Amino acid sequence: MLGSFGSSSSQSHHHHDDEPTDDDQRRRFTVTTTTLTTTATVSPAIQIRQLLISCAELISRSDFSAAKKLLTILSTNSSPFGDSTERLVHQFTRALSLRLNRYLSSTNHFLTPVTNIVETAPTDLSSSPSSALLQSSYLSLNQVTPFIRFTQLTANQAILEAINDNQQAIHIVDFDINHGVQWPPLMQALADRYPAPTLRITGTGNDLDTLRRTGDRLAKFAHSLGLRFQFHPLYITNNRDHDEDPSIISSILLLPDETLAVNCVFYLHRLLKDREKLRVFLHRVKSMNPKIVTVAEREANHNHPLFLPRFVEALDYYTAVFDSLEATLPPSSRERMTVEQVWFGREILDIVATEGEKRKERHERFRSWEQMLSSCGFSNVALSPFALSQAKLLLRLHYPSEGYHLRVLSNSFFLGWQNQPLFSISSWH
């Protein structure tokens, strides 16, 4: 396993603007390629990690010839079907190869593109993987890891506690509702109240068919509970960057007698491409006067403007993710393979191989979100002891591994693997 390695490769994190000389290139490549055989006191996993960072540094220095040779070495030490280290190296080598190929094609470089490791990597990340495959991997992710369940369970509890029994009309706005798997447990809890309130959910998404099917499923489930329910789909087109357009809030129907809750689970980071638009979005959410706003994000800084720090951060983060999957799922798990290659593989490709406005996975840590939300007029609402015990029970019953840890900081919950925080969930008013 790669695990956490501290700062053993910190010398590789700095960005160099000067072009290396030919002697520099030869010397660097000689040192790099002999790491696996000459460093007897360092574990193979740490050596591989150092090679990945060295390769990223070579690409950032435009030392394409040495980078291509190193990618060949890395590809022989990786496999999508090996242990967690080999699988992780495969995904990062694939992403680095795609990044290198884009440089080569844009500069008409004399080197031929890398082909063996990127045969399955799309040249246009916006068109791949297919929507159906992505939806399937999302459902697998929800099934085999605690990440989505933990955030959704905690968000639901925060909403239920914010809305008391006297409030008889509830409206939830869910930004990027996807399959709506978060809401049946909350609907069950509301149906158990007497008298049961009415529930209206506005769900946004960029797949109209998925939105319709989600609404139909939730409506049928509400009917089986005897819960008065309405679903309003809010379709966001893919081709005009409406995902980052704060004006979508003006399309949301608000009724004066309803108590409003806003759910932003793994959504806000998409708006970080333009911080001013994000601020406008948050101010408009605030103007809707919600009773509660729930926010869940990855606990990582994958939005660094410089490639090398972003690469190292992503390497450490996804090392912990892949280690957790290795420890909790059997080697033959098809679901694990789908989650790694499709869901997390797509994220790694975006973070490593994409630059500029096309990059979507712009995760930032909780402290950044805390500052942003506070500056837009929101106050943190402490998650309850009952929500904490509920989250602990989820981990103990469904994901009984000692590797997962749950921590409370700044009235918010953090789920991690070993010493690496992975996800945060918080509520705001």
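(A) Representation of the packing of helix H11 (residues 307-328) against helix H12 (residues 334-353) within the structure. One way to put it is that H11 packs onto H12 with a least axis distance of 11 Å and a crossing angle of 170 degrees. On the basis of their axis angle, the class for H11 and H12 is roughly antiparallel. The segment H11 lies against H12, with Phe-307, Arg-310, Phe-311, Ala-314, Tyr-318, Val-321, Phe-322 and Leu-325 engaging Arg-336, Val-339, Glu-340, Phe-344, Glu-347, Ile-348, Ile-351 and Val-352. When the residues that make up the contact of H11 with H12 are grouped by side-chain class, the tally is 12 nonpolar, no polar and four charged.

(B) Quick peek at the pairing of strand S2 (residues 198-205). Within S2, seven of the eight residues are buried, which leaves the element mostly enclosed by the surrounding structure. Note that S2 and strand S3 (residues 229-235) share seven bridges and pair parallel. Paired with Gly-205 across the bridge in S3 is Tyr-235. Regarding topology, helix H9 (residues 208-225) serves as the crossover connection from S2 to the parallel S3, and that connection is right-handed.

(C) How the structure looks around the environment of Ala-382. When you line up the elements, Ala-382 lands in the loop between strand S6 (380-381) and helix H14 (385-398). Accessibility expressed as a relative area gives 47% for Ala-382, which makes it partly exposed. Residues Ala-382 and Val-408 lie 26 residues apart in sequence; the distance between their C-alpha atoms is 9.9 Å.

(D) Structural view of H14. If you check H14, its first and last C-alpha atoms are 20 Å apart, about what 14 residues at 1.5 Å a residue would give, namely 20 Å. Buried within H14 are the following residues: Ala-387, Leu-388, Ala-391, Leu-394 and Leu-395. The arc that holds every buried residue of H14, seen down its axis, measures 120 degrees, which confines them to one face. Opposite the buried face of H14, at more than 90 degrees from it, the exposed residues are Pro-385, Arg-396 and Leu-397. Buried residues along H14 sit against helix H7 (147-162), strand S7 (404-409) and strand S8 (412-417).

(E) Structural context of the nonpolar core. Counting 70 residues, the largest nonpolar core has Phe-92, Leu-96, Phe-311, Tyr-318 and Phe-344 as the members making the most contacts within it. The greatest single-element share of this core, amounting to 12 residues, is contributed by H11. If near-sequence neighbours (up to four positions away) are discounted, Phe-92 is found in contact with Leu-52, Phe-311, Ala-314, Leu-315, Tyr-318, Ile-348 and Val-352. With 29 residues, the next largest nonpolar core counts Leu-234, Ile-249, Leu-278 and Phe-414 among its residues.

(F) Up close: the packing of aromatic side chains. Counted by the stated rule, this structure contains 16 aromatic pairs. With a centroid separation of 5.2 Å and an interplanar angle of 25 degrees, the aromatic rings of Phe-175 and Tyr-267 are classed as stacked. Taken together, the residues Phe-175 in the loop between strand S1 (169-174) and helix H8 (183-191) and Tyr-267 in the loop between strand S4 (259-265) and helix H10 (275-287) connect sequence positions 92 residues apart. The residues Phe-175 and Tyr-267 share a single accessibility class, namely buried. Relative to Trp-417, the ring of Tyr-404 has its centre 4.9 Å away and its plane inclined at 75 degrees; by these criteria the two rings are edge-to-face. Note that Tyr-404 is positioned in strand S7 and Trp-417 in strand S8, a separation of 13 residues in sequence. Side by side, Tyr-404 and Trp-417 carry an identical accessibility label, which is buried. One aromatic cluster is present, built from ring pairs that chain together Phe-92, Phe-147, Phe-266, Phe-307, Phe-311, Tyr-317, Tyr-318, Phe-344, Tyr-404, Trp-417 and Phe-423. Note that Arg-99 overlies the ring of Phe-307, its terminal NZ or CZ placed 3.7 Å from the centroid.

(G) View of the side chain of Glu-258. On the secondary structure map, Glu-258 appears in the loop between S3 and S4. By relative accessible area, Glu-258 is classed as buried at 18%. Polar side-chain contacts of Glu-258 include one of 2.6 Å to the side chain of Arg-200. If sequence neighbours within four positions are ignored, Glu-258 has contacts with Ala-169, His-171 and Arg-200.

(H) Up close: the pattern of salt bridges. Per the stated rule, a full pass over the model turns up 15 salt bridges. Ionic pairing is found between Arg-367 and Glu-370, a salt bridge with its closest N-O pair at 2.7 Å. Remark: Glu-370 and Arg-367 occur in helix H13 (residues 366-375); sequence separation between them is three residues, near one turn of the helix. Taking relative accessible area as the criterion, Arg-367 reaches 41% and is therefore assigned partly exposed. A cluster of three or more residues bridged by salt bridges with shared partners is formed by Arg-87, Glu-326, Arg-336 and Glu-340.

(I) Focus on the environment of Leu-406. Along the chain, Leu-406 turns up in strand S7. For the pair Leu-406 and Lys-392, spaced 14 residues apart in sequence, the C-alpha to C-alpha distance is 7.4 Å. With residues up to four places along the chain from it excluded, the contact list for Leu-406 reads Phe-150, Leu-388, Ala-391, Lys-392, Leu-395, Phe-413, Phe-414 and Leu-415.

(J) Examining the confidence of the model for the protein more closely. Residues of the protein with pLDDT of at least 70 account for 83%, and the chain-wide mean is 86. Low pLDDT, under 50, characterises residues 1-39; the predicted model gives this stretch 64 contacts beyond four residues in sequence or across chains. Scored below 50 in pLDDT, residues 118-127 shows 18 contacts in the model against residues more than four places distant or in partner chains.

(K) Structural view of the environment of Gly-205. Among the secondary structure elements, Gly-205 is positioned in strand S2. Considered as a pair, Gly-205 and His-179 are 26 residues apart in the sequence and their alpha carbons are 9.7 Å apart. Excluding its chain neighbours within four sequence positions, the residues that come into contact with Gly-205 are Asp-176, Leu-211, Leu-234, Tyr-235 and Ile-236.

(L) Fine view of the side chain of Gln-91. As for its position among the elements, Gln-91 is in helix H5 (residues 84-107). When its relative accessible area of 4% is taken as the criterion, Gln-91 is described as buried. Those residues in contact with Gln-91 that lie beyond four places of it in its chain are Phe-322, Glu-340, Gln-341, Gly-345 and Ile-348.

Conventions used here
Residues numbered from 1 in each chain as written. Predicted model: local features only at pLDDT ≥ 70, side-chain atom pairs only at ≥ 80, totals over all residues. Heavy atoms only, no water. Axes fitted to C-alpha atoms, helices over the stretch in contact; angles between N-to-C directions. Helix = DSSP H or I, 4+ residues; strand = E, 2+ residues; numbered from the N terminus. Parallel < 35°, antiparallel > 145°, perpendicular 65-115°, else oblique. Contact = heavy atoms within 4.5 Å. Nonpolar A, V, L, I, M, F, W, Y, C, P; charged D, E, K, R; others polar. Buried < 20%, exposed > 50% of the residue type's maximum accessible area, 1.4 Å probe, protein only. Pairing = 2+ DSSP bridges. Right-handed = clockwise from strand over helix to strand, strands pointing away. Expected span 1.5 Å × (residues − 1). Arc of directions from axis to C-beta. Core = buried A, V, L, I, M, F, W, Y, C linked by side-chain atoms within 4.5 Å. Phe/Tyr/Trp six-rings, centres within 6.5 Å; stacked < 30°, edge-to-face > 60°. Lys NZ or Arg CZ within 6 Å of the ring centre and 35° of its normal. Polar contact = N/O pair within 3.5 Å; in protein donor to acceptor, adjacent residues only side chain to side chain. Salt bridge = Lys/Arg side-chain N within 4 Å of Asp/Glu carboxyl O. pLDDT = per-residue confidence, 0-100.

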